[in-house]
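Take a look at the letters that make up each chain.
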Amino acid sequence: MSAGDLTFPQAPGEAGAKTKATKAQTGGEPGTRAKARPRGGRRLGRPRMTGAGRQLDAGPVTYAVLTVFALVSLAPLVWTAVAASRTDRRLAETPPPLWFGGNLFKNLQAAWDQAGLGTAMFNSTLVATTITVSTVLFSTLAGFAFAKLRFRFSGALLLLTIGTMMIPPQLAVVPLYLWMSDLGWSNRLQTVVLPTLVTAFGTFFMRQYLVQALPTELIEAARVDGASSPRILWHVVFPAARPAMAVLGLLTFVFAWNDFLWPIIALNQQNPTVQVALNSLGTGYVPDQAVIMAGALLSTLPLLIAFLLFGKQIVGGIMQGAIKG
Amino acid sequence: MRTSTRRSHGPVAFAAVAALTTGLLAGCANDSDDGSPDATGGGGGKGRITLTVGTFGVFGYQQAGLYDEYMKLHPDIAIKENVTTRTDVYWPKVLTRLQAGSGTDDIQAIEVGNITEAVQTQAAKFVDLGKEADKSQWLDWKLAQATTKDGKTIGLGTDIGPMAVCYRKDLFRKAGLETDRTKLAEQWKGDWAKYVDLGKQYMKKAPKGTKFMDSAASVYNAAVGGASERYYDKDGNVVWDKSEGVKKAWDVAMTAATSDMSAKLKQFDPTWDQGFANGTFATIACPAWMIGYIEQKSGDSGKGKWDVAAAPTAANWGGSFLGVPTASRHQKEAIALAKWLTAPEQQAKVFAKQASFPSTPSAYPSLKPQADTTAYFSDAPLTQIFSDSAKTIPAQYLGPKDKPIDSAIADVGILQVEQKGKTPAQGWEAAAKEIKDVLGQ
Amino acid sequence: MTSSHEALAHPASSAEAAPGNQPGAARGAHGRGTPPKGTASWRSRLYRWDMKASPYVLIAPFFVVFGAFSLVPLLYTAWYSLHHVQLSALDHQTWAGLGNYTNLLSSEFFWNALQNTFSIGVISTVPQLLAALWLAHLLNYRLRGSTAWRVVMLTPYATSVAAATLVFTLLYSWDGGMINWLLHFVGVDPVNWRESDWGSQFAVSSIVIWRWTGYNALIYLAAMQAIPSDLYESAALDGAGRRQQFRHVTVPMLRPTILFTVIVSTIGATQLFGEPLLFGGVSGSKGGSEHQYQTLGLYMYDQGWIIGNLGKASAIAWSMFLILVIVAVVNMLLSRRLRKSP
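About the thresholds
- Residues numbered from 1 in each chain as written.
- Chains lettered and ligands numbered in written order.
- Predicted model: local features only at pLDDT ≥ 70, side-chain atom pairs only at ≥ 80, totals over all residues.
- Heavy atoms only, no water.
- Helix = DSSP H or I, 4+ residues; strand = E, 2+ residues; numbered from the N terminus.
- Buried < 20%, exposed > 50% of the residue type's maximum accessible area, 1.4 Å probe, protein only.
- Contact = heavy atoms within 4.5 Å.
- Areas by Shrake-Rupley, 256 points an atom, 1.4 Å probe, with all protein chains shown as cover.
- Pairing = 2+ DSSP bridges.
- Buried area = accessible area lost by both parts, 1.4 Å probe.
- Salt bridge = Lys/Arg side-chain N within 4 Å of Asp/Glu carboxyl O.
- Polar contact = N/O pair within 3.5 Å; in protein donor to acceptor, adjacent residues only side chain to side chain.
- Axes fitted to C-alpha atoms, helices over the stretch in contact; angles between N-to-C directions.
- Left-handed = near helix turned anticlockwise from the far one by under 90°.
- Nonpolar A, V, L, I, M, F, W, Y, C, P; charged D, E, K, R; others polar.
- Phe/Tyr/Trp six-rings, centres within 6.5 Å; stacked < 30°, edge-to-face > 60°.
- Lys NZ or Arg CZ within 6 Å of the ring centre and 35° of its normal.
- Disulfide = S-S within 2.5 Å.
- UniProt positions renumbered as here; feature names shortened; annotations may be inferred.

Caption draft 1: Molecular detail of the overall build of chain C. Across its full length, chain C holds 14 helices and two strands. Among the 342 residues that make up chain C, the fraction classed as buried is 57%. Long-range contacts, defined as pairs at least 24 residues apart, comprise 66% of the intrachain contacts of chain C with a sequence gap of at least 6.

Caption draft 2: Local environment of the overall build of chain A. Each helix and strand counted, chain A has 17 helices and zero strands in total. Within the span of chain A, comprising 325 residues, buried residues form 66% of the whole. The long-range fraction of contacts in chain A, counting pairs at least 24 apart against all pairs at least 6 apart in sequence, stands at 74%. When the accessible surface of chain A is totalled, it reaches about 11,500 Å², and 66% of it is carbon and sulfur.

Caption draft 3: Seen up close, the pairing of strand β7 (residues 306-310) of chain B. Residue and element names in this part refer to chain B. Burial analysis of β7 places four of its five residues in the buried class, the great majority of the element. Bridge analysis of strand β4 (residues 156-168) against β7 gives five bridges, and the strand direction is antiparallel. Within β7, the position partnered with Cys 166 by the bridge is Val 308.

Caption draft 4: Main features of the interface of chain C and chain B. Listed by partner, the interface residues are 39 residues for chain C and 33 residues for chain B. Interface of chain C and chain B: buried area, both sides summed, is about 3,000 Å²; carbon and sulfur atoms make up 49% of it. Run the count over chain C and chain B and you get seven salt bridges. The salt bridge involving C:Glu290 is made with B:Lys420; its shortest N-O contact spans 2.8 Å. Counting the contacts that link chain C with chain B gives 22 residue pairs in polar contact (both at pLDDT 80 or more). Only β2 (89-95), α4 (108-139), α6 (161-171), α12 (274-279) and α13 (296-307) of chain C provide two or more residues apiece to the side of chain C that touches chain B. No other element matches the six residues that α13(C) contributes to the side of chain C that touches chain B.

Caption draft 5: Up close: the packing of helix α10 (residues 244-258) of chain B against helix α17 (residues 402-420) of chain B. Residues and elements named next belong to chain B. Running from N to C, α10 and α17 point in directions that differ by 35 degrees, and their axes come no closer than 9 Å. Where α10 crosses over α17, the two elements pack in a sense that is right-handed. Listed contacts from α17 to Val 246, Trp 250, Ala 253, Met 254, Ala 257 and Thr 258 of α10 are Ile 409, Gly 413, Ile 414, Val 417 and Glu 418. Counted by class, the contact of α10 with α17 contains eight nonpolar, two polar and one charged residues.

Caption draft 6: Quick look at the packing of aromatic side chains. Inspection of the entire model under this criterion finds 61 aromatic pairs over all chains. Judged by centre distance (5.0 Å) and plane angle (65 degrees), the rings of A:Phe204 and C:Phe260 are edge-to-face. Separated into two different chains, A:Phe204 in helix α11 (residues 200-213) and C:Phe260 in helix α11 (residues 255-271) make up a pair that spans both. The residues A:Phe204 and C:Phe260 share a single accessibility class, namely buried. Among the aromatic side chains, those forming a connected cluster through ring pairs are B:Phe268, B:Trp272, B:Phe276, B:Phe281, B:Trp289, B:Tyr293, B:Trp306 and B:Trp317. When the ring centre of B:Phe321 is taken as origin, the NZ or CZ atom of B:Lys142, which lies over that ring, is 4.2 Å away. The lysine or arginine in question, B:Lys247, covers the ring of B:Trp428, its NZ or CZ lying 5.8 Å from the ring centre.

Caption draft 7: Inspection of the interface of chain A and chain C at higher detail. The interface of chain A with chain C comprises 117 residues on the first partner and 108 residues on the second. Across the interface of chain A and chain C, roughly 10,500 Å² is buried in total on both sides, 71% from carbon and sulfur atoms. Run the count over chain A and chain C and you get one salt bridge. For C:Asp50, the salt bridge is made with A:Arg223, and the minimal N-O distance between the two is 3.7 Å. Scanning the region where chain A abuts chain C turns up ten residue pairs in polar contact (both at pLDDT 80 or more). Element by element, the count of residues in the side of chain A that touches chain C is highest for helix α4 (residues 60-84) of chain A, at 14 residues. Its residues assigned to classes, the side of chain A that touches chain C shows 73 nonpolar, 30 polar and 14 charged.

Caption draft 8: Seen up close, the state of the cysteines. Residue and element names in this part refer to chain B. Inspection of the entire model under this criterion finds one disulfide over all chains. The disulfide partner of Cys 166 is Cys 286, and the S-S distance across this bridge is 2.0 Å. Looking down the S-S bond of the Cys 166 and Cys 286 bridge, the torsion is 90 degrees, so its handedness is right-handed. Of the two residues, Cys 166 sits in strand β4 while Cys 286 sits in strand β6 (residues 281-287), which places them 120 residues apart along the sequence. Cys 166 sits in the buried class, given a relative accessible area of 0%.

Caption draft 9: Expanded view of the UniProt feature "transmembrane region" (unreviewed entry) in chain C. All names here are of chain C. If you check UniProt for "transmembrane region" (unreviewed entry), the listed places come out as residues 53-76, 118-139, 151-174, 202-223, 253-273 and 315-334 in our numbering. When the span residues 202-223 is considered, its composition is 100% helix and 0% strand, and the gap between its end C-alpha atoms is 30 Å. Secondary structure content for residues 315-334 is 100% helix and 0% strand, while the C-alpha to C-alpha distance between its ends is 28 Å.

Caption draft 10: Local environment of unusual backbone geometry. Of note, A:Asn187 is a non-glycine position whose phi angle comes to about 65 degrees, a positive value. With respect to the helices and strands, A:Asn187 occurs in the loop between α9 (173-182) and α10 (189-193). The exposure class assigned to A:Asn187 is buried, which follows from its relative accessible area of 5%. Even without being a glycine, C:His291 presents a positive backbone phi close to 60 degrees. Its place among the elements puts C:His291 in the loop between α12 and α13. Judged by its relative accessible area of 3%, C:His291 is buried.

Here's what the structure looks like:
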C-alpha cells in the first residue's frame, strides 16, 4: 500500500487515471491501514505511516480529557433517560432524581402509543435519509466545482450562497407554506423534503474542505490522461471527499431528524415526522413530563444508531501525503 | 479484488437513492389531503369521513373519551386530533394556513388570547356558528368575544377560567391566620389589595422557607382578569395606560413585589413545579383548570393541606373556542362535532376529567369533580366556588394585541420590579416602552 | 525551531493562499487542461465541451433547488420588510419603504439585541471553537473505540433541545439549582441566573457551547484526517514536538475549515434563538425582563411570531444580513491592510 502511494506521484502520466485512483483508494480502506499499521515502536514508526493523517497513540491524559468531555456531553441525555423512568410527580420534587426509577418501559410504551411513533419514525427515516443523501451528493458536486474549477461568476455565486446563510430562515416559512399550499402539498412529506434537499451550509462546507484536501495536481494529472469529468468525480473527488462527506452526512441527518419549526408548520399528526408527532405528548392541562421525556429519549435513539453507521466512515487520508511529498 | 468491492458501493448507493426517491414519491402520492374520505390511513371502511381537530393540546377530549364516544354515536365519522403544543407556534401556523386556504383542520381551536385577532382579521375564513348553535347556551361575555361587530360568531366557547384562591391551610395555621375558606373569602372580599394585605400579615409569622404567593404576576393576572376594561376600550382603542383595571391590578402587584411576600417564581417553569412540591408558597390565584396541576405537582405531601376559597373579585383567566374554517371539506360534519364537543353535557364530562370549567351555565348544576380531587382540596365545594365566580365575571373588551401587551406588563414590568429590584415607576416605564414596541409605534 | 519553520513553510503558505481571499477563483488551472494527444477530433470536442460545461452541470442541481426553495422565500421576506404587514393579514400590505428599517435604528430594543448578540456571540463562539479544535486534535489520536468517542461527542447536538434546556434550566435555577448549590460552598451568594445581566448571557452561552462544541470538533476532525502525514513526518524530523506540530502543521492546514467554522458560527450566533427562547421559559422570546439576553434572532422571533409584526420582523432579518455584510467588508479591508504592512 505504501509502495503504491509512493510510486504514484513519480509516474504521473504513465498509468491510467483509473489505476492510480484505485490504488489511491485502497489506501483509504480502513482494513488495509490497520494491517499496515506498524505494531511496535509506533512513535518511531511515524515516517512509515501514510494515509489517514497523523495517527499517534493516545496517552492516558488524552483518555482522561476525553472522558470528561464525554461525561459532560452525555449527562443531559442520560438524565433524560432517568427522567423518563420516573413519574411526573417525582420530577417536580427537589432534589431531582439522579438515578433510574421503575417506570421506564411504561413511559416508553405510553410515549410510543400516544405519539404514534411507528409511522413517525418511518417518515423521519425516509425524510432524513433522502435529505442526507441528496445534500451530501449535491454539496460535494457543487463544493468541488467551487473549490477546484474555474467558471464564470463562480466567486459571485459562492458569495451568494454564503450570503443567504446570513438571513434567518424562520420567517421564510410563511411564504414557503403559501407556495406549498398553492402546489396542493399541505401536510405531505415532500413539503419537508424538497426545501432541504440542498443546503448552503453543505456546499460551503465541502468547498472549504476540498480546497485543502484535494490536491489540484491530482485532477490535472487525471485531465492530462484524458479522464472525463464523471470519471474524475468518481475516482478522484469522491474518494478524497469521503471523510467530509461522512461528517456532512452525519450533521445533515441529525439536522433533518431534529428540525422542528418548518415540519410543524408544514405537516400534521396524520402524516408526521418524529418532531411533529412528539407534539401529541404533554397534552391536557397537566402534561406528563415523564412521558414527554420518554418521547424525547425514543426520538434520539435512532440518531445514535445512525451515528454508529456514519462514524465509521470518518476515516480519511487518501493519497495526499504521497502527492505533496 | 478490493477494487471491485469498493466500486460496488457506488451502484448500491445510487440504487438506494433511486429507491428512496421512488418510495418517497409513491408515499406522497398515496396520502391525499387531510379531511378527505379515507385520507389518513386509519380511517377504515369506504365512505367514512375523517374529521381533524386542530388544538394546542390542553383540551383533554381524548382523555375524557369524547372522541371515542362521538365515533360510537356516528359510525361514519372518524376523529383525529392534530396537536401543536407550543402556542407560539400553533397560532402562527393556524394564521398561515387559514390565509393559504388549505391545510387547516376541520375544527380549529382558538385560544382566548387570540380570539379578538381572529374575529377582526380572520372572520371570513370561519363558518358562522351562531347560525348553527343555540347561542343562549353560553355565557354572554364568552359568546361576545367570538362574535364580530356584524354578529358573526366564529367560534363556540369551550372552557373558561373562573378564578379562586388556592391556599395551604397548614401554612396559614402556622402563620396564625384564619383557615376557614368562607371567613377568608369574607376577609378579602371585593379587593385583591385586601388579599395582599393578608400577605403582609402572613409574612410576619411566615413558616420558614415559605412565602405568601408564587409570583407577583399571578396576582396581577387575577386582578386584571376581573376588570372589564383592560388594554382596549369597547371601541377597540388601546387604553392600557389609562385603564382603571390595569392601574389597580398593577398597584396590587407592586405591593406584592416590593414587600417580599412572593416566592419570585415564574409560572409554568420547572422551578414553579418544584415550588408546589416543596410547599414554598402558601397561596396562588387559581383558575379552575389549575386545580389538576396543583394536585399533580404538589403530590402526596400536599394532600388535604390545600384548600380553595372564593377570590376577592370574579375574574377569568384562559379558555378557548372551537371554530370551523371555511376551508374544511366537511363543514356540515365539522359543525356538528364542534357543537357536540362544546355542548353543556360534554363540557361537564371534561370538567369531571380535568376540571376545565364549562362556558355553558346550564352545565353547572351537574358538575362533579373527581372524588380524589375534592378530598385533596379539603373537601372544598369546588363546583360552587367556581360557578359563583363564573356567573359574575364581567364582560371584557379584548383587542388583537392583548396577549403581547399582557406579556409586556407581566414579564417585563412586573418581573423587573420583582426580580431585579427596580422601582415600580421604572417597571411601569419599561412596560410602556415594551408596549410601544408591540404596537409598532 | 527555525528549521522546522522552514520545513513547514511550503504547505503553510499554500494553505494560506487557498481560503477565502478570492473565493471560488481557486487556483486550479486544469480547466485549461491539454486535450489528450492523438485522439479523434470529436473526442477532443467532447472533451472541450466537458471542460466548459461540467462546472455548470455540477452546480446546477444545487442552485435549482436552492433558488426555488430557499432564495425565493427569502426574497419574499425582503418584500415584507418594505411593507407594513401583519402575520394575521398577509394580503393587507401597505408600502413602508425603509420605514421598518428606520424604526429599528431608533429602537432601543434593536440596539440592545445587537449588543447582546455580539457579547453572547463572543463568549459562546470563541471558547467553543477553541475547545472544538482541541477536542478534534484529541480525537485524531489513535484511540480505542474511536467511533464510540466520536459518537459520544456529537450527542449534545442530537439530544432534544427541549430535554437539554430542561436540564440546564434546573442546573441554573435560582433557588435550589445545582450551580448555585455549588457556589454556596465557595461562599458565593445565589445568582439569579435568568435575570442577572451577565449571568443570563453566561448561562445561555454555556448551553450553546455545550451543544455545538462536538459538532465543530467533528468538522475539524474530518479536515485533520486529510492532512498528509508526511508533513508531520518532516516536522518531526526537524525536531518539532507534538505541540509544535499542532501549531505549525495542523492549524495552518486547517485554515479553510477554521474559516468555515468561524463564518458559520458567527452566522449561527447572530441568528441564535432556540437556546435563549427555551432558557427563558414562558414568554422566553423577551429574553429576560430587561431583554438582557435577547439576541437579534430572538427579537425577530418575538416580533414576527409572538407579536405578529411580520414587516418589522423581516426588517430585523435583513438587517442581520446587512450587519454581517458590513462585518465581512470591514474584516476584508482590515486583513488587506494588515497584509500590506507586514
